[in-house]
Amino acid sequence: MKMKYPIIVALVFVAALVLNNKVTEWKTYRFYSQLKNIDDPIRVELKKDEFLSDEADDPTLVINLWATWCGPCQKEIPLLNGLVDKYEDGHTLFLSVTDESEKKVSEWVALQKNEPEFFPMYENKHLMNYLFQLNPKPGLKKGRFPELLPTNIIIHNGKLRLFEQGFSKENVAKMDSVLAKIKAEKD
Amino acid sequence: MISIEIKLFKNKKQILPAAVLLLALLLLAFFDYWFGAGDKQLNGAALAKFVSIRASQSTLPALFFIFWVLQRTVHLINCGYYKMLLVNGWPRHKLFLYSMLQIGLYALSFMLLNFICYAFLSFFYGTNPLQLLLNTDYNALISQFLYLTATGFIALTIAFWRPSPVMALPVLVYWLLEDWGVNIIHRKLESDAGNFLPLQAIKQTISENLLGTSQIAMIAAYSLLFLLILHFSIQKRMFV
């Protein structure tokens, strides 16, 4: 039987898929290469937000990428709240970004003991995808969310100071030390 | 091949299934506008951008596409259309290539019908078809075409394997079960193992994420598998 036909059709299909993916990738990288600072896309999103537009020029951004279904993200909340209490000043924005809807997150928060104190940004998968790309380690930028959450990022004056994925007390301690350094630099 | 397929398209018997499909797509489009204009309070270009993204990235329309392809192909097999082509001297591999052409045409027609639904409803929600076109990401459209084609391979494989309209039911049950299973694996077990299931692997074609090598390999493997089964079904089937 002539098996070459299904193989040829499959090859054409995969070639189209790869080509389309490459074009999308190229568009994404072209977008990044035009940026002056890595935090520009975040500030653009902040300016669009009714409640966060005033904070769009804060020099320090502490960003937590999370989801309500992510167990480790829930465990991290009290520790992250501790960082807010310790380092909140007029120049540091603590931001939590999720791709879930405000309604869903609000319903979930109502059932929790520890309410997240980070400023929430909802339904922003686009920004999440951008932030995942900031990972300086190779090989973790693509793919679905479970292995990527929670992700914590600290950006100060347009420079990436911390990028950590997964929950551990050591990661939160690293955030604490980076924020302490930034505070010392400011003082 | 194209000319006989176009003649087939003009057949009056195609009007009823196409009308049912149009209604289903209109309902989906209505939900997107309702959510965008109601819950999210969007209008004009912002609403057009929102619905364009939803239209090109929603996985659900493919279920209707599978039903449509399934019923059409089952009808063509059972009414002796493919048998007639064979009697007219078509080799069986040409039948396979013809079915690929059909999938491509069906996917394009499906996307056109989908656009018509969104364009029609746009007049009721303070936007217009031009804004829809201007806010469309054409890479996302190509991804949608590839996604529909891949799901079409599955529908064709099922239709040639068991040419019965009742096959729509197990497809629906499997679609729902896989969705539920992936959700459980994703949220409760916090694992991405669900992405290895066939429909979920193919659904990744239209997600916002860039595809990694393993994801492309999985989609390629499933597509080849379904195409091979389809090819063998066409080779061995005794068309009535």
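Residues numbered from 1 in each chain as written. Chains lettered and ligands numbered in written order. Predicted model: local features only at pLDDT ≥ 70, side-chain atom pairs only at ≥ 80, totals over all residues.

Undergrad: With reference to specific residues and values, describe the overall build of chain A.
TA: Regarding its fold elements, chain A presents 6 helices and 5 strands. Starting at the N terminus and walking to the C terminus, you meet the elements of chain A as α-α-β-α-β-α-β-α-β-β-α. By its C-alpha atoms, chain A is 75 × 40 × 35 Å across when sized along the principal axes. Taken across its 187 residues, chain A has 29% of its residues classed as buried. Here the analysis covers contacts within chain A between residues at least 6 apart in sequence; of these, 66% occur between residues at least 24 apart. (Helix = DSSP H or I, 4+ residues; strand = E, 2+ residues; numbered from the N terminus. Buried ≥ 20, exposed ≤ 12 C-beta atoms within 10 Å, placed from the backbone. Contact = placed C-beta atoms within 7 Å.)

Undergrad: So what about the interface of chain B and chain A? Which residues, and what values?
TA: Facing the 30 residues of chain B at the interface are 30 residues of chain A. The dominant element in the side of chain B that touches chain A, judged by the number of residues it contributes, is helix H11 (residues 213-236) of chain B, at 9 residues. Residues belonging to the side of chain B that touches chain A are distributed by class as follows: 13 nonpolar, 13 polar and 4 charged. (Nonpolar A, V, L, I, M, F, W, Y, C, P; charged D, E, K, R; others polar.)

Undergrad: Kindly report on unusual backbone geometry, identifying the contributing residues and their values.
TA: Residues and elements named next belong to chain A. Phi at Glu123 is positive, roughly 45°, even though this residue is not glycine. Mapped onto the elements of the fold, Glu123 is located in the loop between strand S3 (119-121) and helix H5 (125-132). Phi is positive for Asn157, close to 50°, though the residue is something other than glycine. Of the residues examined, Asn157 has 12 C-beta atoms within 10 Å and is grouped as exposed.

Undergrad: Describe in detail helix H8 (residues 138-161) of chain B, supporting the description with residues and values.
TA: Here H8(B) contains 24 residues, and its C-alpha end-to-end distance of 34 Å stays within 8% of the 34 Å for a straight helix at 1.5 Å per residue. In terms of residue burial, H8(B) counts as a mostly covered element, since 19 of its 24 residues are buried. (Expected span 1.5 Å × (residues − 1).)

Undergrad: I'd like to hear about helix H3 (residues 71-87) of chain A, residue by residue, with values.
TA: Turn by turn, an α-helix covers 3.6 residues, leaving residues three or four places apart pointing in a common direction. All names here are of chain A. Here H3 contains 17 residues, and its C-alpha end-to-end distance of 25 Å stays within 8% of the 24 Å for a straight helix at 1.5 Å per residue. The sharpest bend along H3 measures roughly 40° and falls at Ile77, with the proline Pro78 sitting one to four residues further on. Inspection of H3 places Cys73, Glu76, Ile77, Leu80 and Leu83 among the buried residues, and these make up the whole buried set. The inward-facing, buried residues of H3 contact strand S1 (60-65) and helix H6 (169-186). (Bend = angle between axes of the 7 residues up to and from the residue.)

Undergrad: Give a description of the domain arrangement of chain A that names residues and reports values.
TA: Domain boundaries in chain A define domain 1 (1-34) and domain 2 (40-186). Each of domain 1 of chain A and domain 2 of chain A has a C-alpha centre, and the two are 34 Å apart. (Domains from an automatic or database assignment.)

Undergrad: Please give an account of the packing of H3(A) against H6(A) that cites residues and values.
TA: Residues and elements named next belong to chain A. Relative to each other, H3 and H6 sit at 10°, their axes nearing to 11 Å. The angle between the axes of H3 and H6 places the two elements in the roughly parallel class. Facing H3, whose interface residues are Glu76, Leu79, Leu83 and Tyr87, H6 presents Val172, Met175, Asp176, Leu179 and Lys183. (Axes fitted to C-alpha atoms, helices over the stretch in contact; angles between N-to-C directions. Parallel < 35°, antiparallel > 145°, perpendicular 65-115°, else oblique.)

Undergrad: Any details on the sheet that holds strand S4 (residues 151-156) of chain A? Residues and values, ideally.
TA: Residue and element names in this part refer to chain A. Pairing in this open sheet of 5 strands is mixed, and the strands run S3-S2-S1-S4-S5 from one edge to the other. The outermost strands of the open sheet, each flanked by one partner alone, are S3 and strand S5 (159-165). Along the sheet, successive strands turn relative to each other by an average axial angle of 20°, direction set aside. Relative to S5, S4 runs antiparallel, the two sharing 6 bridges. Paired with Asn152 across the strands is Glu164, a residue of S5. (Pairing = 2+ DSSP bridges.)

Undergrad: Go over the pairing of strand S2 (residues 92-97) of chain A, please, and point to the residues and values.
TA: Residues and elements named next belong to chain A. Of all 6 residues in S2, 6 are buried; the element is thus mostly enclosed. In S2, alternate side chains face the same way, and those of Thr92, Phe94 and Ser96 on one face and Leu93, Leu95 and Val97 on the other are all buried. Summarising the sheet, S1 and S2 pair through 6 bridges and their orientation is parallel. Looking at S2, one finds that Leu61 is bridged to Leu93. Crossover handedness for the path S1 to H3 to S2: right-handed. Direction of pairing for S2 relative to S3: parallel, over a ladder of 3 bridges. (Right-handed = clockwise from strand over helix to strand, strands pointing away.)

Undergrad: Let's hear about the nonpolar core: which residues, and what values?
TA: Judged by nonpolar contacts, the single largest core of 57 residues is most densely connected at B:Ile66, B:Val69, B:Leu70, B:Phe153, B:Ala155, B:Leu156 and B:Leu230. Here this core gets 13 residues from one element, more than from any other, and that element is H8(B). Formed by 30 residues, the second largest nonpolar core is a distinct cluster that contains A:Ala67, A:Phe94, A:Leu95 and A:Leu179. (Core = buried A, V, L, I, M, F, W, Y, C linked by C-beta atoms within 7 Å.)

Undergrad: Could you give me a rundown of the confidence of the model for chain B, with the residues and numbers involved?
TA: All names here are of chain B. Looking at chain B, pLDDT values average 89 and 98% of them are 70 or higher. Of all the helices and strands in chain B, helix H1 (residues 2-9) carries the lowest mean pLDDT, 78, while H8 carries the highest, 94. At the level of chain-chain contacts, confidence expressed as ipTM amounts to 0.89, with global pTM at 0.82. (pLDDT = per-residue confidence, 0-100.)

Undergrad: Residue-level account of the environment of B:Ser99, with values.
TA: Inspection of the secondary structure assignment puts B:Ser99 in helix H6 (residues 92-122). In this structure the C-alpha to C-alpha distance between B:Ser99 and B:Gln144, which are 45 residues apart in sequence, comes to 19 Å.

Undergrad: Outline the packing of H6(B) against H8(B), listing residues and values.
TA: Residue and element names in this part refer to chain B. Direction vectors running N to C along H6 and H8 enclose 130°, while the axes themselves pass 9 Å from each other. Of the possible angle classes, the one that applies to H6 and H8 is oblique. Between H6 and H8 lies a crossing of right-handed hand. When H6 is examined against H8, the residues Ser99, Ile103, Gly104, Tyr106, Ala107, Phe110 and Met111 are found in contact with a partner set consisting of Gln144, Phe145, Leu148, Thr149, Gly152, Phe153 and Leu156. Among the residues forming the contact of H6 with H8, the class breakdown is 9 nonpolar, 5 polar and no charged. (Left-handed = near helix turned anticlockwise from the far one by under 90°.)

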